[in-house]
Protein chains: 2
Amino acid sequence: MVKIAVMGHGVVGSGVVEVFYKNRESIQKKADCQMDIAHILDLRDFPDSPYKEKFTKSFDDIINDDEVKIVVEVMGGVNPAYDFVKRCLLKGKSVATSNKELVATKGAELLKIAGETGTNFLFEASVGGGIPILRPLSQCLAANDIIEIDGILNGTTNYILTKMIKEQVAFSDALKNAQELGYAERDPSADIEGADACRKICILASLSYGKHVYPDEVYTEGITKISLTDVAYAESMNSVIKLIGRSKKLKNGKVTATVYPAIISKDCQLANVDDVYNAVCVKGDAIGDVVFYGKGAGKLPTASAVVADVIDCAKHIHARKLINWEDRSDDYVEEYKNDVLSKYIRMTSNDIESLKNSLKQQFNDIQFLTLKDADENEIAFTTGELMEKVIDEKLSAVADMGEIVSSIRILNI
Amino acid sequence: MVKIAVMGHGVVGSGVVEVFYKNRESIQKKADCQMDIAHILDLRDFPDSPYKEKFTKSFDDIINDDEVKIVVEVMGGVNPAYDFVKRCLLKGKSVATSNKELVATKGAELLKIAGETGTNFLFEASVGGGIPILRPLSQCLAANDIIEIDGILNGTTNYILTKMIKEQVAFSDALKNAQELGYAERDPSADIEGADACRKICILASLSYGKHVYPDEVYTEGITKISLTDVAYAESMNSVIKLIGRSKKLKNGKVTATVYPAIISKDCQLANVDDVYNAVCVKGDAIGDVVFYGKGAGKLPTASAVVADVIDCAKHIHARKLINWEDRSDDYVEEYKNDVLSKYIRMTSNDIESLKNSLKQQFNDIQFLTLKDADENEIAFTTGELMEKVIDEKLSAVADMGEIVSSIRILNI
């Protein structure tokens, strides 16, 4: 009998308990052993839970129970999750977590400890909720050199952008709607400012390239400045605006890692990913493009990914799974302004004709965009492909002739 | 040092050798052991191959080499692959194969032998080429009860249908074009008649539900009868025609398994899967819909999936991976005509008005379709949802009033 402890009984934690008992028979068959949940850690009381005798408020009950071989961490946040997880691994207990902040900031260290103690530290649920991404990345694509990852990694922002694109609802109203439906938190900043997507691209990049990418190294920009005018201009380019987490492996040994709203062609598979759905596109040298698509969040999808990790821990109780990435030198993540791309720019000016002429001198491949009912003191254009810092320099040169209202990167995925 | 043998040096086999030596260093790191290819079995001569000293024409060189622990089978066909693979497993050698015909017809038996001999029998490349599907299905979705699988499983037919839909090229011309590009064989029947997709849905259904579904139990219909008129009518319904492999788990304990061209809404993720791309949509009770998308065939994608299995065999040389399905009683696959669905029907008649009236009496939810420039002796309609055999009975009742030209099932995916 393999005993399990579940730390945290919020949305995901209660889902883990529910999925485990609902499918216990088939789970045990797949794990090839008997299993039960011995402890559920939460500071709150759950007097009506059918599992109320399993609840504890003390981490000691878990760490001191030598029969507990697998610990599920679904508390969220770095503290005290980090301390608890570390102590579990050091005591020989494997850990399955859905905590993206923990993995994105402490992954390399915790994986190292797991390696030293012969335990497993698994975190499939930390990216893409229930969509299987991390395991295919580390196993199925093992024979590939992965060269690029692009993903719609946050369901809340994708829901808001879908509302803006499909129903012409302004950002603030779309956000309010998402909050009413429970898709966005009352404090939505971690979603709409990009921090959540940032943690996920860190985890994907770390696993794909074998070296830890930390959140504070990732240039991150949210979707709060996107307007319906920008959405309309994107439409005029047969494109849509999506919040894209991206990481590329460069020839110089470094990687890029960024999160920002981007204009992508409707021909791209990611352009058709709507509402709260997530999708990750992985490019490998042998395999070409592979896309994984599904619900990126939600109680049961996320819980089912955690339980799958628990099954894997149980199957590998004596044989470590080889998921790993290392810490690294400082100079690993490339400055994002060195990336080559095209930008969509919208400017206002009192003298549009002069501004246009100056812009033409700066940008060889400039394309002016047209929109029905456009403001007559406004122009929009795309710059052609250049290093981002070069684009910014060229725009500085015309700064006195008008004001930049919008600036959105264009990505070829 | 783990020694590998590769049986077959055709497109996939030569790709396996290429991918292995190209990425050997990272492959060995991921497998956590040293590996080399010791033998390549092929009856042909390859005097210019850099690995020519590894070639053999005799299977005995492989079966009698006790240092060979992993055998790659990429010969295709059931004979002699079945005999060779069986003997390898019985001798304690693990096998990785891309041979869908072998897995679809002999999977249960070979998995049973692998279980008894403590070896692995892996076949990720047999479905969806390089797209990781089988492993996520068996592992990541382990906590889910899978209730339905729908897939675009054949790249050749999807290319032909895409040509018909996007460029209004007739079937025979699209097929010719596919042959010119090497997407279709000179004898294209296994693709266009659906046999290839049939084998793949067998493998997916067997793995998902744990019991073997055999190809001869799957109702299979190809795309040869699809006309541009049907494509246009589907467009008028905001839908497209795709060749769909489908399997559902029924409440009575049985499963359905079918392959046929189907009309699906453009809102469905599978509708946007074009050209030679494949995609599989899996519905789980906890996870909801998950879609895996990528190139379903091709030398390097398929080879990279085989090599990933080789890595997994090497990692689990002493610990069997738990992929399994069992043989079963005869009465497991539900008669396809018991399925409830709607059909699109196109009929010709000398007396359209009388036919229309009779059809209205038969089908409560009938919807007549309109098309610009439609033949005046022709009508098209959808039947509303009914058991398929009931639809057919109702159509028989009006058989003397007109002739059915097209009949295509409509699926909600």
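Residues numbered from 1 in each chain as written. Chains lettered and ligands numbered in written order. Predicted model: local features only at pLDDT ≥ 70, side-chain atom pairs only at ≥ 80, totals over all residues.

## Describing the overall build of chain A
Line of reasoning, step 1. A tally of helices and strands in chain A yields 14 helices and 17 strands.
Line of reasoning, step 2. For chain A, the C-alpha radius of gyration of 24 Å lies close to 22 Å, the compact-globule estimate for 413 residues.
Line of reasoning, step 3. With the C-alpha coordinates of chain A rotated into their principal frame, the extents come out at 75 × 45 × 35 Å.
Line of reasoning, step 4. Within the span of chain A, comprising 413 residues, buried residues form 51% of the whole.
Line of reasoning, step 5. Within chain A, residue pairs in contact and separated by at least 24 positions form 75% of the contacts whose partners lie at least 6 positions apart. (Helix = DSSP H or I, 4+ residues; strand = E, 2+ residues; numbered from the N terminus. Rg over C-alpha atoms; globule rule 2.2 N^0.38 Å. Buried ≥ 20, exposed ≤ 12 C-beta atoms within 10 Å, placed from the backbone. Contact = placed C-beta atoms within 7 Å.)

## Quick look at the interface of chain A and chain B
Line of reasoning, step 1. Taken together, the 43 residues of chain A in the interface contact 43 residues of chain B.
Line of reasoning, step 2. Only α2 (24-31), α6 (134-140), β12 (288-295) and α12 (299-315) of chain A provide two or more residues apiece to the side of chain A that touches chain B.
Line of reasoning, step 3. In terms of residue count, α12(A) provides more of the side of chain A that touches chain B than any other element does, 10 residues in total.
Line of reasoning, step 4. By residue class, the composition of the side of chain A that touches chain B is 24 nonpolar, 10 polar and nine charged.
Line of reasoning, step 5. Where β12(A) and strand β12 (residues 288-295) of chain B come together, five bridges link them in antiparallel fashion. Counterpart to A:Y293 in the pairing with β12(B) is B:V291. (Nonpolar A, V, L, I, M, F, W, Y, C, P; charged D, E, K, R; others polar. Pairing = 2+ DSSP bridges.)

## Some remarks on helix α8 (residues 171-180) of chain B
Residue and element names in this part refer to chain B.
Line of reasoning, step 1. The set of residues buried in α8 consists of A174, L175 and A178. Taken around the axis of α8, the buried residues stretch over an arc of 100°, which confines them to a single face. Across α8 from its buried face, at more than 90 degrees, point the exposed residues S172 and E180.
Line of reasoning, step 2. Those residues of α8 hidden inside the fold are in contact with α7 (155-167) and α9 (189-192).
Line of reasoning, step 3. Following α8 by one or two positions, G182 adopts a phi angle in the positive range, close to 80°. (Arc of directions from axis to C-beta.)

## A look at the relation of the copies chain A and chain B
Line of reasoning, step 1. Rotating chain A by 180° and moving it 0.0 Å along the rotation axis overlays it on chain B with an RMSD of 0.0 Å. Here the copies are linked by what is in effect a two-fold axis. Using C-alpha coordinates, one finds that chain A approaches the rotation axis most closely at A:F292, a distance of 2.4 Å. (Least-squares fit on C-alpha atoms with pLDDT ≥ 70 in both.)

## Some thoughts on the domain arrangement of chain A
Reports often express the size of an interface as the amount of accessible area lost when the parts come together.
Residue and element names in this part refer to chain A.
Line of reasoning, step 1. Domains assigned within chain A are domain 1 (2-130 + 299-315), domain 2 (134-295) and domain 3 (338-410).
Line of reasoning, step 2. Domain 2 and domain 3 are separated by 25 Å when their C-alpha centres are compared.
Line of reasoning, step 3. Taken together, the contacts link 12 residues of domain 2 with 10 residues of domain 3.
Line of reasoning, step 4. Top element by residues in the side of domain 2 that touches domain 3 is strand β10 (residues 255-265). It accounts for five residues.
Line of reasoning, step 5. Its residues placed into classes, the side of domain 2 that touches domain 3 shows eight nonpolar, three polar and one charged. (Domains from an automatic or database assignment.)

## So, the sheet that holds strand β3 (residues 55-56) of chain A
Backbone-to-backbone hydrogen bonds join strands into a sheet, with any given pair of strands oriented parallel or antiparallel.
Residue and element names in this part refer to chain A.
Line of reasoning, step 1. One open sheet holds the six strands; their spatial order is β3-β2-β1-β4-β5-β6, and the pairing between them is parallel. Each edge of the sheet is formed by a strand with only one pairing partner; in this case those strands are β3 and β6 (121-122).
Line of reasoning, step 2. Here five bridges tie strand β1 (residues 2-7) to strand β4 (residues 68-73), and the two strands are oriented parallel to one another. Within the sheet, the bridge partner assigned to I4 lies in β4 and is I70.

## Description of the packing of α7(B) against α8(B)
Residues and elements named next belong to chain B.
Line of reasoning, step 1. Contact pair α7 / α8: the axes reach a minimum separation of 9 Å and the direction vectors enclose 130°. The orientation of α7 with respect to α8, classified from their angle, is oblique. Handedness of the α7/α8 crossing: right-handed. Along its contact with α7, which presents T156, Y159, I160, K163 and M164, the element α8 presents F171, A174, L175, N177 and A178.
Line of reasoning, step 2. Across the contact of α7 with α8, the residue classes break down as seven nonpolar, two polar and one charged. (Axes fitted to C-alpha atoms, helices over the stretch in contact; angles between N-to-C directions. Parallel < 35°, antiparallel > 145°, perpendicular 65-115°, else oblique. Left-handed = near helix turned anticlockwise from the far one by under 90°.)

## Concerning the environment of B:S138
Residues and elements named next belong to chain B.
Line of reasoning, step 1. With respect to the element layout, S138 can be found in helix α6 (residues 134-140).
Line of reasoning, step 2. Sequence-wise, S138 and G253 are 115 residues apart; in three dimensions their C-alpha atoms are separated by 20 Å.
Line of reasoning, step 3. Each residue touching S138, except ones within four places of it in the same chain, is listed here: L207 and I323.

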